[in-house]
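# Structural description and commentary
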Amino acid sequence: MNNPIAGFSKLSKEQKINWIAKEYFSSPNDAIELIKNYWNSDEKLQKLHDEFIENTITNFYIPLGVAPNFLINGKYSTIPMAIEESSVVAAASKSAKFWSERGGFKATVIDTEKIGQVHFIYRGDTSKLELFFAQIKSKLFANTESMTKNMQKRGGGILDIRLNDKTNLLENYFQLHATFETKDSMGANFINSCLEQFAKTLKDEAQNYSLFSDEEKDIQVVMSILSNYVPNCIVRAEVSCPVANLKEKNIENPEDFAQRFVQAVQIAEVEPFRAVTHNKGIMNGVDAVVLATGNDFRAVEAGIHAYAAKSGQYTSLSHAKVENGIFSFWLEIPLALGTVGGLTSLHPLVKLSLEMLENPSAKELMEFVAVAGLAQNFAALRSLTTTGIQEGHMKMHLNNILNQYNTTDVERLATSRHFKSNAVTHSAVVEFIENLRK
Ligand code: MEV
């Protein structure tokens, strides 16, 4: 039975570690040693990481890999990817190479509008509220001027504010629905600050509005927060080539391959069980770049899956067709990303990743991320519709099993040789290692 603790966040890092080690581990000294082994020897760097969150005890490593040879809009790039899944970077690189020999990827940002809402309760006459809103709309803009000044200098700011009547969904529920342009920042702080000011103006002005009764004056703001659903902040990534040019190793018959590929996408378009896994493959690429560039992958995940369900049924984010002998494959996803602010200037590896991408604008980063998603989806569907996914996956996974069994260099060599021509399964590898050790 573990004990609760009061004032944990006030303890020193050392005290926190000691408490956890004593409370949860049969061998506290081993736990402490492991935790400390992951500390960075550069104390300044460690302190920087400690201060990202509360109660940091150590670092949790995820590999940062790179996928070279991405030809995007006629220019080559190497894409940084932070991910733990063994086959993802290899698959991205393979796709990048494949498409670089077939014209490359095309990426286009369609729109960059962000959204935020003030959710409030108003008990009274809706037409009076509408009149009131029309009167205070310019004040909502004016009262946020100190916040929007800098953003406006960069070409951004508040685009519009609307009053939405949501009383058909929830009694007395209204909202201010605001749209924003936040240029190279993701804009969460900017949007939330503007929204909180809107909420204040809304409440204060209601108090003085002569047409309102006392009950109508008493507007109750429930919350003011940006939306991570950004269906008008969209990027498109695509590839296309004559079907005959798809020919490669494992694609002996390109017509047959293109047909199976399109069918695989169509299945994900109509079948939610498949769509989720199909889109998960896209997110393998998306999240890895989002994470490496210090962006909020939870926001991106939530927004993209909402977009995938916008018709009322969860469906594929990507689409494919063969028309007039041309194979085309594309996706459109919503992405609210930043290349300034947040972690982008704080985390040294985020800075490194952005520099590797030649310090992109937020729009350019949207393009890289969408392309990584499409590349990943192409690699997965290519394997699934030809050799099956396990061949490549298990080859990559072999290394993880070898590490798990602390194999020596000699054992590694023998195992790798053996599994070049034999199917890799977890049990087959373990059996092989055990036989070697007998
Ligand atoms: C595995 O991480 C991703 C895949 O399952 C995606 C897919 O099935 O399309 C291979």
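By convention here, each chain's residues receive numbers from 1 onward along its written sequence. In keeping with the predicted nature of the model, local features appear solely for residues at pLDDT of at least 70, side-chain atom pairs appear and are counted solely at 80 or more, and the whole-chain, interface and lining totals rest on all residues. With hydrogens and water stripped out, all remaining heavy atoms of the structure feed into the side-chain values.

## Considering the overall build of the protein chain
- For the purposes of this entry, the term helix denotes a DSSP run of H or I that reaches at least four residues, the term strand denotes a run of E that reaches at least two, and both are numbered from the N terminus. Within the protein chain, the regular secondary structure consists of 16 helices and 10 strands.
- The proportion of buried residues among the 438 residues of the protein chain is 45%.
- Contacts in the protein chain between residues at least 24 apart in sequence constitute 71% of all its contacts with a sequence separation of at least 6.
- We get accessible surface area from the Shrake-Rupley algorithm with a probe of 1.4 Å; when it comes to residues, only the shown protein chains can shield them. Summed over all atoms, the accessible surface of the protein chain reaches about 22,800 Å², with 52% contributed by carbon and sulfur. Under the scheme applied here, a residue whose accessible area is under 20% of the maximum for its type counts as buried, over 50% as exposed, and between as partly exposed, the area being computed with a 1.4 Å probe on protein chains only. Any two residues having at least one pair of non-hydrogen atoms within 4.5 Å are treated as being in contact.

## Describing unusual backbone geometry
- The phi angle at Asn55 is positive, at roughly 60°, despite the residue not being glycine.
- For Asn55, the position within the fold is in the loop between α3 (43–50) and β1 (64–72).
- Exposure remark for Asn55: the relative accessible area of 28% places this residue in the partly exposed category.
- Not every positive phi belongs to a glycine, and Asn324 is a case in point at roughly 50°.
- Locating Asn324 in the fold gives a position in the loop between β9 (318–323) and β10 (326–334).
- For Asn324, a relative accessible area of 78% gives the class exposed.

## Brief notes about the pairing of strand β8 (residues 234–242)
- Think of it this way: DSSP has to see at least two bridges between two strands before they count as a pair. Summarising the sheet, strand β3 (residues 106–109) and β8 pair through 4 bridges and their orientation is antiparallel. Note that in β8 the partner of Thr108 across the bridge is Arg236.
- Judged from the 9 bridges that link them, β8 and β10 form a sheet pairing that is antiparallel. Note that in β10 the partner of Glu238 across the bridge is Trp330.

## Examining the nonpolar core
- Here, nonpolar core means buried Ala, Val, Leu, Ile, Met, Phe, Trp, Tyr and Cys residues that are tied together by side-chain atoms lying within 4.5 Å of each other. Ranked by size, the top nonpolar core spans 64 residues in total, and within it Phe70, Val286, Phe327, Phe329 and Leu335 carry the most contacts.
- Here this core gets 11 residues from one element, more than from any other, and that element is helix α13 (residues 362–385).

## A closer look at the side chain of Asn284
- As for its position among the elements, Asn284 is in helix α10 (residues 272–292).
- Since its relative accessible area comes to 13%, Asn284 is described here as buried.
- Leaving out residues up to four positions away in the same chain, Asn284 has contacts with Met81, Ile83, Glu85, Val88 and Gln376.

## Comments concerning the pattern of salt bridges
- In what follows, salt bridge is the name for a side-chain nitrogen of Lys or Arg lying within 4 Å of a carboxyl oxygen of Asp or Glu. Throughout the structure, instances matching the rule amount to 17 salt bridges.
- Across the pair Lys137 and Asp160 runs a salt bridge, and its minimum N-O distance is 3.0 Å. Of the two residues, Lys137 is situated in helix α5 (residues 126–142) and Asp160 in strand β5 (residues 157–165); the sequence distance between them amounts to 23 residues.
- For Lys137, a relative accessible area of 25% translates into the label partly exposed.
- Judged by relative accessible area, which is 30%, Asp160 ranks as partly exposed.

## Here's the deal with the packing of helix α15 (residues 409–420) against helix α16 (residues 426–437)
- Axis definition: a line fitted to C-alpha atoms, over the contacting stretch in the case of helices. Angles run 0 to 180 degrees between N-to-C directions. With their axes 11 Å apart at the nearest point, α15 and α16 run at an angle of 135° to one another. Of the possible angle classes, the one that applies to α15 and α16 is oblique. As for the relative orientation of α15 and α16, their crossing is right-handed in sense. Of the residues in α16, those in contact with Glu411, Ala414, Thr415, His418 and Phe419 of α15 are Ala428, Val429, Phe432, Ile433, Leu436 and Arg437.
- All amino acids are sorted into three groups, where Ala, Val, Leu, Ile, Met, Phe, Trp, Tyr, Cys and Pro are nonpolar, Asp, Glu, Lys and Arg are charged, and the leftover types, Gly among them, are polar. Split by residue class, the contact of α15 with α16 holds 7 nonpolar, 2 polar and 2 charged. Any angle that is under 35 degrees is reported as roughly parallel, and any over 145 degrees as roughly antiparallel; angles of 65 to 115 degrees are reported as roughly perpendicular and all others as oblique. Crossings are classed by handedness, with left-handed meaning an anticlockwise turn of the near helix from the far one by less than a right angle and right-handed meaning a clockwise turn.

## Considerations on the domain arrangement of the protein chain
- Here the protein chain is described as being made up of domain 1 (8–50), domain 2 (64–110 + 235–388), domain 3 (114–227) and domain 4 (392–437).
- Computed over C-alpha atoms, the centres of domain 2 and domain 3 are 36 Å apart.
- Using a 1.4 Å probe, buried area is obtained as the accessible area two parts lose upon being combined, added over both of them. Carbon and sulfur atoms make up 65% of the area that domain 2 and domain 3 hide from each other, which totals about 510 Å².
- The largest contributions to the domain 2 side of the interface with domain 3 come from Ala336, Val340 and Ala362, which together make up 57% of the buried area.
- Remark: the boundary between domain 2 and domain 3 carries 0 salt bridges.
- Of the residues in the side of domain 2 that touches domain 3, the class split is 5 nonpolar, 3 polar and no charged. Domain start and end points were adopted from an automatic or database domain assignment.

## Notes on the sheet that holds β10
- With antiparallel pairing, 4 strands are arranged side by side in an open sheet as β3-β8-β10-β9. The open sheet has two edge strands with one neighbour each: β3 and β9. Recorded for the sheet is a direction-independent mean angle of 20° between the axes of neighbouring strands.
- Where helix α9 (residues 254–270) meets the sheet, its contacts fall on β9 and β10, and the angle it forms with β9 comes to roughly 140°.

## Comments concerning the pairing of β1
- Two elements, β1 and strand β2 (residues 75–82), share 7 bridges in a ladder whose sense is antiparallel. Paired with Phe70 across the bridge in β2 is Ser77.
- A loop of 2 residues connects β1 with β2, the two strands running antiparallel in sequence, and Asn73 in this loop sits at a positive phi of about 50°.

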